[in-house]
Amino acid sequence: MADTLAPARPSAIRPARSAGRIALRTVGLAYVGVLVLVPLGIITWRALSPGMPAFWAAISSEQAVTAFRLTAEVAFASVLLGTTFGVALGILLTRYHFVGRRLLGVLADLPMAVSPIVAGLALVLVYGRNGWFGGPLEAAGISIIYAVPGMILATTFVSLPLVLREVVPVLQEIGTDQEQAARVLGAGGWHTFWRITVPTIRPALTYGVVLALARCVGEFGAVAVVSGNVSGTGQTQTTTLVIAERVQQMEPGAYQLAFVLIVTTVAALLVAANIRRKDELS
Amino acid sequence: MSIQANGVTKRFGAFVALDDVDLDVHAGALTALLGPSGGGKSTLLRVIGGLETPDAGEVSIAGRDMTRVPAHERNVGFVFQHYAAFQHLSVFRNVAFGLEIRRRPKAEVRRRVNELLELVHLEELADRKPAQLSGGQRQRMALARALAAEPSVLLLDEPFGALDTKVRRELRGWLRALHDEVHVTTVFVTHDQEEALEVADEIVVVNNGKVEQVGSPSDLYDKPANDFVMEFMGPVTRLGGRLVRPHDVQVTAAHVDGAVPGRVARLQRIGFEVRADVTTADGDLWVQLTRGQADTLELTPGSDVWLRAVV
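Residues numbered from 1 in each chain as written. Chains lettered and ligands numbered in written order. Predicted model: local features only at pLDDT ≥ 70, side-chain atom pairs only at ≥ 80, totals over all residues. Heavy atoms only, no water.

- Per an unreviewed UniProt entry, chain B goes by the name ABC-type quaternary amine transporter and belongs to Cellulomonas chitinilytica.

- In the annotation of an unreviewed UniProt entry, chain A is listed under the name Sulfate ABC transporter permease subunit CysW and assigned to Cellulomonas chitinilytica.
- Per its UniProt entry, chain A bears the Function (unreviewed entry) comment "Part of the ABC transporter complex CysAWTP (TC 3.A.1.6.1) involved in sulfate/thiosulfate import. Probably responsible for the translocation of the substrate across the membrane."
- Of the comments in the UniProt record for chain A, the one headed Subunit (unreviewed entry) reads "The complex is composed of two ATP-binding proteins (CysA), two transmembrane proteins (CysT and CysW) and a solute-binding protein (CysP)." (UniProt positions renumbered as here; feature names shortened; annotations may be inferred.)

Written out as structure tokens, the structure is:
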């Protein structure tokens, strides 16, 4: 993502006369244009062309405001969980040797490969009313599925590898020298983690968090299954679900919400690209 | 403070890094752990520092059993081959780290860090990041950092291994001078026998996970316990089936008691030194002479000589 924005190294630039280079550039531009810029441009046009009053009405309705709030809550909690798990798992995978370490690494990547809908269904099977944990939890008055906790679980599941995959290469690259040096200087595990490990992985961590945030805000499939897509009283629809409903019901206001999501995501990606650039410069 | 290791054994899978090793370093000494790569000397140092846990045996520092004490409670100074500088902290904060962890008052930290930066000649570079320092400067910073909290012992793992020859030689002399000033019990690991001979009061030769010999530099050079130590401590050649130093072979024109005959095959003049390759009935060897000796004997390729080991 941000890597594609970075300028090529001088040594990687081929002479201009190469026909292959022109062909490559055409393919690249066509890809970005047809698949990214044109669709996003049309959505922006559809969002803004009905005028500001319509735009305001679409994003300030009770349904939209509740959806925004739910999206923010779920994304915030999921990023928090994903970051905690991601860093803990990263340290476990790079700093400890144990049986099944490689398998754990593969499993941690699984959410990238599994369809979000499948992930959502799996969570329903486990935490649903008739699921393994769902029944006892329900009896204790805690509902997971068709409620915010389930939506957070589903979103955390799909975004977990983002932080993990950012911090693992950095943890591997820095090695254990600095951590060992901190140990012999008198720092226990906790101090070593906060004073040495965290500052060292901070750029990668921030980048992973921003990517995860963008992913969480835009999550649809897993949340659609787990939330039950309830509108009206007890709404569990996040922004993406409201957009889908408005499009399917031919209701107005879908593009305006989509536009808000695009702006949020692009802003997040710009922040991430900026962090990466600063990191490369230093 | 003294350091004792008794029967220390450490395995990595099937590989035995340390095999029932005993070590006794007396307080205030500057000791070298010398040996070939993979011989176990770094592992022994890391066991003393608490960075590795031995499978068997005990380690004590200043008479206190440290075997089960975690690294961060041992109060040792440790210097790593690749500096292990805290990249995100300035030189000042690197050196201050151990004091900050111990929650020493700010004024004391500042005074102590400045004192140490002066000692290692880095006072001008206190605000730099480690990435802006040369290798030698980084290692001096690492030394100041290790000494800041007044450790009971200072452990250095191939401290000059990553530096170029000139800086290395400079830092060796400097480590010796520092030790004479600070008097902290110091153990350093090296695979360079010249470094060990030049810097250390006492040398422990470690090979194949075992201690081969312990002694002063001249003991080890002159009275090696076995052929391995002999070969490791300096150049050797073989005369009459026995290892000798090339400068311990007496060359004469006439027969003397116990001498064997030989013929000079080749002469090499290297500055003040002359190397003679000599063929005997027992095999080939090389002999180190001064230019004066070679001239007096009027050695040329083809000269017949008599050879005798003088020690």
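## A short note on the overall build of chain A
Part 1 of the reasoning: A tally of helices and strands in chain A yields 13 helices and 0 strands.
Part 2 of the reasoning: If you list the helices and strands of chain A from N to C, you get α-α-α-α-α-α-α-α-α-α-α-α-α.
Part 3 of the reasoning: When the backbone C-alpha atoms are referred to their principal axes, chain A occupies close to 70 × 60 × 30 Å.
Part 4 of the reasoning: In chain A, buried positions account for 40% of the 282 residues.
Part 5 of the reasoning: For chain A, long-range pairs separated by at least 24 residues make up 71% of all intrachain contacts whose partners lie at least 6 apart in sequence.
Part 6 of the reasoning: Of the roughly 16000 Å² that chain A leaves accessible, carbon and sulfur atoms contribute 69%. (Helix = DSSP H or I, 4+ residues; strand = E, 2+ residues; numbered from the N terminus. Buried < 20%, exposed > 50% of the residue type's maximum accessible area, 1.4 Å probe, protein only. Contact = heavy atoms within 4.5 Å. Areas by Shrake-Rupley, 256 points an atom, 1.4 Å probe, with all protein chains shown as cover.)

## A closer look at the sheet that holds strand 4 (residues 56–61) of chain B
Residue and element names in this part refer to chain B.
Part 1 of the reasoning: Taken together, the 4 strands give an open sheet; going across it, the order is 2-1-4-5, and neighbouring strands pair in antiparallel fashion. Edge positions in the sheet fall to strand 2 (15–25) and strand 5 (64–65), since each has one partner strand and no second.
Part 2 of the reasoning: Bridge count for strand 1 (residues 3–12) against strand 4 is 5 bridges, and the pairing is antiparallel. Within strand 4, the residue paired with N6 across the bridge is E58.
Part 3 of the reasoning: Each of strand 1, strand 2 and strand 4 touches helix 1 (residues 41–49); the most contacted strand, strand 2, lies at about 65 degrees to it. (Pairing = 2+ DSSP bridges. Axes fitted to C-alpha atoms, helices over the stretch in contact; angles between N-to-C directions.)

## Comments concerning the pattern of salt bridges
Part 1 of the reasoning: For the coordinates displayed, the defined rule picks out 29 salt bridges over all chains.
Part 2 of the reasoning: The closest approach of N and O atoms between E73 of chain A and R69 of chain A, which form a salt bridge, is 3.3 Å. One end of the pair is E73 of chain A and the other is R69 of chain A, both in helix 4 (residues 62–95) and 4 residues apart, which spans about a single turn.
Part 3 of the reasoning: Between R46 of chain B and E52 of chain B there is a salt bridge, with the nearest N and O atoms lying 3.2 Å from each other. Assigned by exposure class, R46 of chain B and E52 of chain B land together as buried.
Part 4 of the reasoning: One salt-bridge network, held together by shared partners, links R168, R169, R172, D192, E194, E195 and E198 of chain B. (Salt bridge = Lys/Arg side-chain N within 4 Å of Asp/Glu carboxyl O.)

## Focus on the interface of chain B and chain A
One frequent convention defines the size of an interface as the accessible area lost when the parts assemble.
Part 1 of the reasoning: Listed per partner, the contact involves 22 residues of chain B and 16 residues of chain A.
Part 2 of the reasoning: A combined buried area of about 1700 Å² lies between chain B and chain A, and 64% of that area is made up of carbon and sulfur atoms.
Part 3 of the reasoning: The tally of links from chain B across to chain A stands at 1 salt bridge.
Part 4 of the reasoning: The salt bridge involving R195 of chain A is made with E100 of chain B; its shortest N-O contact spans 3.6 Å.
Part 5 of the reasoning: Counting the contacts that link chain B with chain A gives 4 residue pairs in polar contact (both at pLDDT 80 or more).
Part 6 of the reasoning: In terms of residue class, the side of chain B that touches chain A is made up of 11 nonpolar, 6 polar and 5 charged. (Buried area = accessible area lost by both parts, 1.4 Å probe. Polar contact = N/O pair within 3.5 Å; in protein donor to acceptor, adjacent residues only side chain to side chain. Nonpolar A, V, L, I, M, F, W, Y, C, P; charged D, E, K, R; others polar.)

## A closer look at the environment of A119 of chain A
Residue and element names in this part refer to chain A.
Part 1 of the reasoning: Within the secondary structure layout, A119 lies in helix 6 (residues 116–127).
Part 2 of the reasoning: Look at A119 and you get buried, because its relative accessible area is 4%.
Part 3 of the reasoning: In this structure, the C-alpha to C-alpha distance between A119 and F55, residues 64 residues apart in sequence, is 34 Å.
Part 4 of the reasoning: For A119, the contacting residues outside a window of four places in its chain are V114 and F157.

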